[in-house]
Amino acid sequence: MSNSLFILPFDQISNKDFHRVGGKCASLGEMTQAGVAVPPGFAVTTEAYAAMLGNHGVRAEIERHLDGIDVENLDTVERAAHAIQVRIRSHHLPEEVEEEIRTAYAAMGNDMPVAVRSSATAEDLPDASFAGQQDTYLWVQGADDVVNHVRDCWASLFTTRAVAYREKNNIPHIDVLMSVGVQKMVNAKAAGVAMTLDPNTGDRTRIVIDSSWGLGETVVSGLVTPDNFVVEKVLQEILDRTISDKHVELVGDPELGEAVERDVDDERRKISSLSDEEIMAIAMLAKRLEKQNKCPQDVEWAIDADLPSGENLLALQSRPETIWSQKAKE
């Protein structure tokens, strides 16, 4: 797999591969190579997306749909975007691309549940806020579904909002490439985000952790009000904690083969989703990633219920904090 044009395992990825694997997968590769506990997986490279564009006239068809659209007329943008997405989703992948994806997935284990995540490569697009480039599909099982969701991630480059954004900013549509990460699914007992500064004040002596039951998408999306913990970075003390009513959680359902939303039982709704030991472990992980990346970090993490205590904290993503970092440049 190391000589593959279309697949790069996380343990062979570094920041120098950004143009091939995008920001998300580059971060996962850097953490893996640094010895951080990361669920294993691989990136489907931008060369795979480019190969799809060059197959059976797809590139020319996309350009034809986009020719002459009026960004001030959202109906024309929406029609073009929809037609392109349908075309990509209905297109058979080039044989060599599909074969390499299936081979890499099979090497992970028999029908391993995975997350299939878009990994944007366009440096001039806002990574966290640019809708349409961050599609994620959870608890995907089986090679057929993995292949289909890779295609779905590619198609998400052409949401109405994404097309309109590029038109308004004079970014050539066909030059924006997409990598896709395929990563072992975490059976998350609890998950969330950790910031290596206080997002309200910019105080870099603080680490602020948001946490809830199940997969972290409920925290990121705002579906639940998470528990909140504030840790002093140097003294390594828990300074403050706010325990919320966490009414729903997102969990994997092996029988359905997908992530499902379910009510949290009364016993867990209003108790802390993390022990003090877990809070400190997350804080130290975030601090380590800040040191490794040499700037404040926004870290996604999960506690895996299938792993033993002390080995169950996994890093899912680490990216530069944007709000206070941008203010510092002004």
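Source: prediction; values computed, not measured. (Residues numbered from 1 in each chain as written. Predicted model: local features only at pLDDT ≥ 70, side-chain atom pairs only at ≥ 80, totals over all residues. Heavy atoms only, no water.)

Draft legend 1. Quick look at the sheet that holds strand 6 (residues 188-195). Reading across from one edge, 9-8-7-6-12-13 is the order of the 6 strands in this open sheet, with antiparallel pairing throughout. Whereas interior strands pair on both sides, the edge strands pair on one side only; in this sheet they are strand 9 (237-242) and strand 13 (313-320). The average angle at which neighbouring strand axes cross in this sheet is 20 degrees, direction not considered. Here 6 bridges tie strand 6 to strand 7 (residues 206-213), and the two strands are oriented antiparallel to one another. If you follow valine 193 over to strand 7, its bridge partner there is aspartate 210. (Pairing = 2+ DSSP bridges. Helix = DSSP H or I, 4+ residues; strand = E, 2+ residues; numbered from the N terminus. Axes fitted to C-alpha atoms, helices over the stretch in contact; angles between N-to-C directions.)

Draft legend 2. Region of interest: the packing of helix 4 (residues 74-89) against helix 7 (residues 160-168). At a closest axis distance of 9 Å, the pairing of helix 4 and helix 7 adopts a crossing angle of 120 degrees. Between helix 4 and helix 7 lies a crossing of right-handed hand. Residue-level contacts link Leu74, Val77, Glu78 and Ala81 of helix 4 to Thr160, Val163 and Ala164 of helix 7. Looking at side-chain class alone, the contact of helix 4 with helix 7 contains 5 nonpolar, 1 polar and 1 charged residues. (Left-handed = near helix turned anticlockwise from the far one by under 90°. Contact = heavy atoms within 4.5 Å. Nonpolar A, V, L, I, M, F, W, Y, C, P; charged D, E, K, R; others polar.)

Draft legend 3. Here's a closer look at the pairing of strand 10 (residues 248-253). Taken across its 6 residues, strand 10 has 5 buried, putting it largely inside the fold. In the sheet, strand 10 pairs with strand 11 (residues 258-263) via 6 bridges, with the strands oriented antiparallel. Paired with glycine 252 across the bridge in strand 11 is alanine 259. Where strand 10 folds back on strand 11, the antiparallel hairpin that results is connected by 4 residues, among which glycine 257 adopts a positive phi of roughly 70 degrees. (Buried < 20%, exposed > 50% of the residue type's maximum accessible area, 1.4 Å probe, protein only.)

Draft legend 4. Structural detail: the packing of aromatic side chains. A complete count under the given rule lists 1 aromatic pair for this structure. Just above the ring of phenylalanine 158 sits the side chain of arginine 166; from NZ or CZ to the centre is 5.2 Å. (Phe/Tyr/Trp six-rings, centres within 6.5 Å; stacked < 30°, edge-to-face > 60°. Lys NZ or Arg CZ within 6 Å of the ring centre and 35° of its normal.)

Draft legend 5. Structural view of unusual backbone geometry. Even without glycine at this site, histidine 56 takes up a positive phi of about 55 degrees. Position of histidine 56 among the secondary structure elements: in the loop between helix 2 (46-53) and helix 3 (58-66). In the Ramachandran plot, aspartate 111 falls in the positive-phi region, its phi being about 50 degrees despite a non-glycine side chain. For aspartate 111, the location among the structural elements is in the loop between helix 5 (95-107) and strand 3 (114-120).

Draft legend 6. View of the environment of histidine 91. Looking at where histidine 91 falls in the secondary structure, it is placed in the loop between helix 4 and helix 5. The spatial distance from the C-alpha of histidine 91 to the C-alpha of methionine 52 is 8.4 Å, given a sequence separation of 39 residues. Those residues within four positions of histidine 91 in sequence are excluded, and the remaining contacts are Met52, Asn55, His56, Val58 and Arg151.

Draft legend 7. Structural context of the pattern of salt bridges. Throughout the structure, instances matching the rule amount to 18 salt bridges. With a shortest N-O distance of 2.8 Å, aspartate 245 and arginine 269 are connected by a salt bridge. Of this pair, aspartate 245 sits in the loop between strand 9 and strand 10 while arginine 269 sits in helix 9 (residues 266-269), and the two are 24 residues apart along the sequence. We note a salt bridge from aspartate 265 to arginine 268, for which the minimum N-O separation is 2.8 Å. On the accessibility criterion, aspartate 265 (34% relative accessible area) is partly exposed. One salt-bridge network, held together by shared partners, links Glu249, Arg262, Asp265 and Arg268. (Salt bridge = Lys/Arg side-chain N within 4 Å of Asp/Glu carboxyl O.)

Draft legend 8. Representation of the environment of glycine 310 in the model. Secondary-structure assignment places glycine 310 in the loop between strand 12 (297-304) and strand 13. Residue glycine 310 is classed as exposed on the basis of its relative accessible area of 73%. Placed 291 residues apart in sequence, glycine 310 and histidine 19 show a C-alpha to C-alpha distance of 35 Å.

Draft legend 9. Geometry of the nonpolar core. Residues Val44, Ile62, Ile101, Val114, Trp154 and Phe158 are the most contacted members of the largest nonpolar core, which totals 45 residues. If you tally residues by element for this core, the top one is helix 6 (residues 143-155), at 6 residues. Once residues lying within four places of it in the same chain are set aside, the contact partners of valine 44 are Phe6, Ile7, Ile101, Val150, Trp154, Ser179, Val180 and Val182. Core analysis: the second largest hydrophobic core is formed by 32 residues, Leu8, Ala43, Leu274 and Val299 among them. (Core = buried A, V, L, I, M, F, W, Y, C linked by side-chain atoms within 4.5 Å.)

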